[in-house]
Amino acid sequence: PGFGTVPDWYRNDTLRTWHFLRGRTLVDQNDPKLFAARGDVERALGRLDEARASLQRAVGLDPGNLDALLSLGAVGYETGDFPLAIRALEHAAQIHPESADARIGLGWAYLAAGRSDDAAAVWKPEVTATRDPATLRRMRELFAALGDAATAAEADRALAATGGR
């Protein structure tokens, strides 16, 4: 655009936020919250390689940042880098034992990596913690396939309570 005109990307809130965060992280390269926010916006834009780099920087600056670890795990899962997803989510679950999101995400990553027994172990205590129908359906299937009828039934009851089947 010509000097003094508003560029097209400025009309898009997400792109405007990305440009703002990109500029801020160029100026302040030691703020993990900025890098985590930038990574989340890049992920929303589908820029998964950039998101991975920003989120890894955030975790490098603040290894206990739960939100950055969860997002990094999601990027690993979404890109098929299951070892990355597992590392990020195992770390999140270890240092944030109160986070059901970390353990539920870890279960999905274990499943994607072909580690059904590990998924079942991490998911078993979470059957009553989630209300996500897709997760509960997958839990029910997993526990039934592994011969754990009681936990499969518990997942089925939790699923019914959400109105899903």
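Residues numbered from 1 in each chain as written. Predicted model: local features only at pLDDT ≥ 70, side-chain atom pairs only at ≥ 80, totals over all residues. Heavy atoms only, no water.

Draft legend 1. Structural view of the overall build of the protein chain. Scanning the protein chain from N- to C-terminus turns up 9 helices and 0 strands. In the protein chain, the succession of α and β elements from N to C terminus is α-α-α-α-α-α-α-α-α. Along the first, second and third principal axes, the C-alpha atoms of the protein chain reach 65 × 30 × 25 Å. The buried share of the protein chain, taken over its 165 residues, is 41%. Counting only contacts in the protein chain whose residues sit at least 6 apart along the sequence, the fraction spanning at least 24 positions is 41%. When the accessible surface of the protein chain is split by element, carbon and sulfur atoms take 52% of a total near 8,700 Å². (Helix = DSSP H or I, 4+ residues; strand = E, 2+ residues; numbered from the N terminus. Buried < 20%, exposed > 50% of the residue type's maximum accessible area, 1.4 Å probe, protein only. Contact = heavy atoms within 4.5 Å. Areas by Shrake-Rupley, 256 points an atom, 1.4 Å probe, with all protein chains shown as cover.)

Draft legend 2. Structural view of the packing of aromatic side chains. Enumeration according to the criterion identifies 2 aromatic pairs in this entry. Ring centres of Trp108 and Trp123 lie 5.4 Å apart, and the angle between their planes is 80 degrees; on these two criteria the pair is classed as edge-to-face. Remark: Trp123 occurs in helix H7 (residues 116-123) and Trp108 occurs in helix H6 (residues 100-112); sequence separation between them is 15 residues. One residue, Arg16, lies across the ring of Tyr10, its end atom 4.8 Å from the ring centre. Sitting over the face of the ring of Phe35, Arg57 holds its NZ or CZ atom 5.6 Å from the ring centroid. (Phe/Tyr/Trp six-rings, centres within 6.5 Å; stacked < 30°, edge-to-face > 60°. Lys NZ or Arg CZ within 6 Å of the ring centre and 35° of its normal.)

Draft legend 3. Molecular detail of the packing of helix H3 (residues 48-61) against helix H4 (residues 66-78). Where H3 meets H4, the closest approach of the two axes is 9 Å, and the angle between their N-to-C directions is 150 degrees. The angle between the axes of H3 and H4 places the two elements in the roughly antiparallel class. Relative to H4, H3 is oriented so that their crossing is left-handed. Together, Leu48, Ala51, Arg52, Leu55, Gln56, Ala58 and Val59 of H3 and Ala68, Leu69, Ser71, Leu72, Val75 and Glu78 of H4 make up the contact between the two elements. Grouping the amino acids of the contact of H3 with H4 by side-chain chemistry returns 9 nonpolar, 2 polar and 2 charged. (Axes fitted to C-alpha atoms, helices over the stretch in contact; angles between N-to-C directions. Parallel < 35°, antiparallel > 145°, perpendicular 65-115°, else oblique. Left-handed = near helix turned anticlockwise from the far one by under 90°. Nonpolar A, V, L, I, M, F, W, Y, C, P; charged D, E, K, R; others polar.)

Draft legend 4. Summary view of the pattern of salt bridges. In the structure shown here, the tally under the stated rule is 10 salt bridges. For the salt bridge of Arg52 with Asp81, the shortest nitrogen-to-oxygen distance reads 3.0 Å. Of this pair, Arg52 sits in helix H3 while Asp81 sits in the loop between H4 and helix H5 (82-95); the two residues are 29 residues apart in sequence, bridging distant segments of the chain. Because the salt bridges share partners, they merge into one network encompassing Asp49, Arg52 and Asp81. (Salt bridge = Lys/Arg side-chain N within 4 Å of Asp/Glu carboxyl O.)

Draft legend 5. Summary view of H3. A rise of 1.5 Å per residue sets the reference length of H3, with its 14 residues, at 20 Å; its end C-alpha atoms lie 20 Å apart and thus fit the reference within 8%. The set of residues buried in H3 consists of Ala51, Arg52, Ser54, Leu55, Ala58 and Val59. The inward-facing, buried residues of H3 abut helix H2 (32-44), H4 and H5. (Expected span 1.5 Å × (residues − 1).)

Draft legend 6. Quick peek at a nonpolar patch on the surface. Residues Val6, Trp9 and Tyr10 make up a contiguous nonpolar surface patch of roughly 280 Å² in combined accessible area. Locating Val6 in the fold gives a position in the segment before helix H1 (13-27). (Patch = residues over 30% accessible without salt bridge, like charges linked within 9 Å, V, L, I, M, F, W, Y side chains within 5 Å.)

Draft legend 7. Up close: the nonpolar core. One finds Trp123, Met139 and Phe143 to be the most contacted residues of the largest nonpolar core, which totals 39 residues. Those elements that place two or more of their residues in this core are H2, H3, H4, H5, H6, H7, helix H8 (133-145) and helix H9 (149-162). Those residues in contact with Met139 that sit more than four places away from it in its chain are Trp123, Glu126, Val127, Thr130 and Ala155. (Core = buried A, V, L, I, M, F, W, Y, C linked by side-chain atoms within 4.5 Å.)

Draft legend 8. Representation of H7 within the structure. Of the residues making up H7, those classed as buried are Ala119, Ala120, Val122 and Trp123. In this structure, the buried side of H7 is in contact with H6 and H8.

Draft legend 9. View of the environment of Glu126. Inspection of the secondary structure puts Glu126 in the loop between H7 and H8. Along the primary structure Glu126 and Glu50 are separated by 76 residues, whereas in three dimensions their C-alpha atoms are 32 Å apart. Residues within four places of Glu126 in sequence aside, it is in contact with Ala100, Arg103, Ile104 and Met139. A polar contact is formed between the side chain of Glu126 and the side chain of Arg103, at a distance of 2.4 Å. (Polar contact = N/O pair within 3.5 Å; in protein donor to acceptor, adjacent residues only side chain to side chain.)

None of this, on its own, says anything about what the molecule does.
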